[in-house]
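# Examination of the molecular architecture
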There are 2 protein chains.
Amino acid sequence: MRIAVAQVGGIQLSETRRAVVGRLANLLEQAADQRADLVVFPELTLTTFFPRYWYDDAAEADRFFERSMPGDDVAPLFELAADRGVAFYLGYAEIDPRGRRFNTSILVDRSGRIVGKYRKIHLPGHAERLDDVPAQHAEKRYFEVGDLGFGVFDVDGVKVGMCLCNDRRWPEVYRCLSLQGAEVVVLGYNTPVFVPGWQEEPHAKMFTHLLSLQAGAYQNSVWVAAAAKCGYEDGHHMIGGSAIVAPSGEIVAKARSEGEELIVADVDLGLSEIYRTSVFNFAAHRRPEHYRLIVDRVGRGEPVPVSFDQPPVTTAARRDA
Amino acid sequence: MRIAVAQVGGIQLSETRRAVVGRLANLLEQAADQRADLVVFPELTLTTFFPRYWYDDAAEADRFFERSMPGDDVAPLFELAADRGVAFYLGYAEIDPRGRRFNTSILVDRSGRIVGKYRKIHLPGHAERLDDVPAQHAEKRYFEVGDLGFGVFDVDGVKVGMCLCNDRRWPEVYRCLSLQGAEVVVLGYNTPVFVPGWQEEPHAKMFTHLLSLQAGAYQNSVWVAAAAKCGYEDGHHMIGGSAIVAPSGEIVAKARSEGEELIVADVDLGLSEIYRTSVFNFAAHRRPEHYRLIVDRVGRGEPVPVSFDQPPVTTAARRDA
């Protein structure tokens, strides 16, 4: 399987959906020319990363959402992909038929059929307006927590799991996908250099992004392919660093710019198999009876008491006596 | 809190417990001279890494186990630590009063009192003898799976979690400790360069070791301190790479040799707090209702079906019609 990651440069508020889809189509053509089987696009690919803006009436943000997929503006991308026989992953803002809003991604197979959907579960940021910040990060305002779980889907014979942006920092995500046999995990992200609240050093943004992908790949014996929307959107800066990571944890391809760029790697699914039958043979080594806290607690709590044979009198106590 | 990691060079079959404890005491003295509060020793610190050897009668391996802690040979280390007011973590092979055998570690506070015990849960390797290999990795033969869970203990006012060696590659471990409020995670390891079965490239052994520590620290907002027993034991080679990692995921101290070496770092517990109240505010962001598979499955299984609104006719299908 050959995977292409389509890193997408900043999308301005003034850009039309049609113009954006034209840019994506251009990247998809390049991927097809390089005989890619699957193209990974970013999160919220069709518009600017609008959760950085505050709209007093949240419905004002509805123009960033899709009510059908593909709608008229996006249909040409589906048609092109089917014409070229390329599967793809695409993130976008979704209003579903119930009127509920999600940060969503889909998997479309090489025939143009939507074969998988994911709605983002780990929404970062805040729901309330913050004062005196250059940008909001109001995902918790504009989106509900996803209601589809972490799914794994058959894309032209390969088991592909999905997540979105902040999900990649949470080890539970890769684990839930890997436990369903995922061979490849794909994701898009918009990671701003500025985040309201405490600031990491700029280099740390890239480091923890890559660290999370690499650990997820290694500890779960999966390939990970991550696509950034990056660079400047109306003056707001986002990191690049799109990457493809092997089950060894090693980065095999990485974007070098903060703009439109395609990276490609041949994904040897046999490498996953080597890890999952040795060091990460889950059936042989995992001990879920000791993992209960992961589902029994949400936040941090007090230590669970442990009973062990305490020597009645320690050496030091004897000496003091 | 100042933490010292005492990396210990290879221990030969011919060395006595008393000689080994003398080496540990020397390292503990160095740590105390540098005003360390806690010294981290390796896994199975008191003997060679005996699971590389096969004994037809497993009881032959009993000489590598401790029946009491501290026994007469180890008591001087407890006394020295109490004299110098230094807490420590120590890994050793334990036969408990029931006659059960575990790969165990303890936390001893600055007064010489055993305040925490852990028995290794993720035992790597195999239980059956392998033919035609230069070394066995028979932890599953010599040890039972630990029965104490992942505990967090108060060590002189700091919440410390423990694990051992292969545990560090499993994200569930750090998560269970972090959910109990661990501020520091300490561990010892014996990582052989040769492992029966498929071989990673030598550099990958060090890379995945550090990757696992760094991801565990970052994703759980904890400090991680890991101590190697390393170098050559009767000709068998183990990696070094003892390290102290900050909650940022960055390595703040690292051993440079494969022999006896002390590394020291000042651990700012406030840095944990910054991460656990922002990006890794578990109470705000975790979604355990979607993590069920982590405890419901041991090994990998089939994908769980996901129901989503499938467009009745896709664009491509319309075009083909």
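Above: the structure in question.
Fair warning: this is a prediction, and the values are worked out from it, not measured in the lab. (Residues numbered from 1 in each chain as written. Chains lettered and ligands numbered in written order. Predicted model: local features only at pLDDT ≥ 70, side-chain atom pairs only at ≥ 80, totals over all residues. Heavy atoms only, no water.)

## Considerations on the pairing of strand β4 (residues 87-95) of chain A
Residues and elements named next belong to chain A. For β4, a buried count of nine out of nine residues is recorded, marking the element as mostly surrounded by other parts of the structure. Of the two faces of β4, the one lined by Ala87, Tyr89, Gly91, Ala93 and Ile95 and the one lined by Phe88, Leu90, Tyr92 and Glu94 are each fully buried. The sheet contact formed by strand β2 (residues 38-40) and β4 spans three bridges and is parallel. Each bridged residue has a counterpart across the sheet, and for Val39 the counterpart in β4 is Phe88. As defined by bridge partners, strand β3 (residues 65-66) adjoins β4 across two bridges and the pair is classed as parallel. Within the sheet, the bridge partner assigned to Glu66 lies in β4 and is Glu94. (Buried < 20%, exposed > 50% of the residue type's maximum accessible area, 1.4 Å probe, protein only. Helix = DSSP H or I, 4+ residues; strand = E, 2+ residues; numbered from the N terminus. Pairing = 2+ DSSP bridges.)

## Things to note about the environment of Gln12(A)
All names here are of chain A. Tracing the backbone shows Gln12 in the loop between β1 (2-9) and α1 (17-33). Judged by relative accessible area, which is 24%, Gln12 ranks as partly exposed. Sequence separation of Gln12 and Thr48 is 36 residues, and the distance between their C-alpha atoms is 5.8 Å. In contact with Gln12, not counting residues within four places along its chain, are Tyr232, Glu233 and Asp234. (Contact = heavy atoms within 4.5 Å.)

## Examining the side chain of Thr104(B)
Residue and element names in this part refer to chain B. Structurally, Thr104 can be placed in strand β5 (residues 101-108). For Thr104, a relative accessible area of 0% corresponds to the buried category. Here the side chain of Thr104 touches Glu94 through a polar contact of 2.7 Å, side chain to side chain. With residues near it in sequence (within four places) discarded, Thr104 still touches Leu90, Gly91, Tyr92, Glu94, Lys117, Tyr118, Arg119 and Leu164. (Polar contact = N/O pair within 3.5 Å; in protein donor to acceptor, adjacent residues only side chain to side chain.)

## Thoughts on unusual backbone geometry
Omega for the bond connecting Met69(A) with Pro70(A) falls within 30 degrees of zero, at -5 degrees, which places this linkage in the cis form. Position of Pro70(A) relative to the elements: it lies in the loop between β3 and α2 (75-84). Even without a glycine there, the phi angle at Arg35(B) is positive, about 60 degrees. On the accessibility criterion, Arg35(B) (59% relative accessible area) is exposed. Phi angles above zero are rare outside glycine, and Asp234(B) is one such case at about 45 degrees.

## Overview of empty space enclosed by the protein
Within this structure, the stated rule accounts for one cavity of 30 Å³ or more. Along its surface, the largest cavity is lined by Pro171(A), Glu172(A), Arg175(A), Ile294(A), Pro171(B), Glu172(B), Arg175(B) and Ile294(B). Of all the secondary-structure elements, those providing two or more residues to the lining of the largest cavity are α4 (171-178) of chain A together with α4 (171-178) of chain B. For the lining of the largest cavity, the class distribution of residues is four nonpolar, no polar and four charged. (1 Å grid on protein atoms, 1.4 Å probe; cavity = no way out; pocket = protein on both sides within 12 Å on 5 of 7 lines; lining within 4 Å. Points joined across faces, edges and corners; volume = space filled by probe spheres on them. Nonpolar A, V, L, I, M, F, W, Y, C, P; charged D, E, K, R; others polar.)

## Considerations on the relation of the copies chain B and chain A
Note: a rotation about an axis with an accompanying shift along it relates these two copies of the chain. Aligned on chain A, chain B shows an RMSD of 0.0 Å; the corresponding rotation is 180 degrees and the shift along the axis is 0.0 Å. Interpreted geometrically, this transformation is the action of a two-fold axis. (Least-squares fit on C-alpha atoms with pLDDT ≥ 70 in both.)

## A few points about the pairing of strand β13 (residues 251-254) of chain A
All names here are of chain A. The sheet contact formed by strand β12 (residues 243-245) and β13 spans three bridges and is antiparallel. Its bridge partner lying in β13, Val245 is registered against Ile251. Following β12, the chain reverses through five residues before pairing antiparallel with β13; Gly249 in that reversal takes a positive phi of roughly 90 degrees.

## Some points on the packing of α4(A) against helix α5 (residues 202-220) of chain A
Residues and elements named next belong to chain A. One can describe the packing of α4 onto α5 by two numbers: an axis separation of 10 Å at closest approach and a directional angle of 35 degrees. Considering only the axes of α4 and α5, their crossing is right-handed. Of the residues in α5, those in contact with Tyr174, Arg175 and Ser178 of α4 are Ser212, Leu213, Gly216, Gln219 and Asn220. Of the residues belonging to the contact of α4 with α5, the class tally is two nonpolar, five polar and one charged. (Axes fitted to C-alpha atoms, helices over the stretch in contact; angles between N-to-C directions. Left-handed = near helix turned anticlockwise from the far one by under 90°.)

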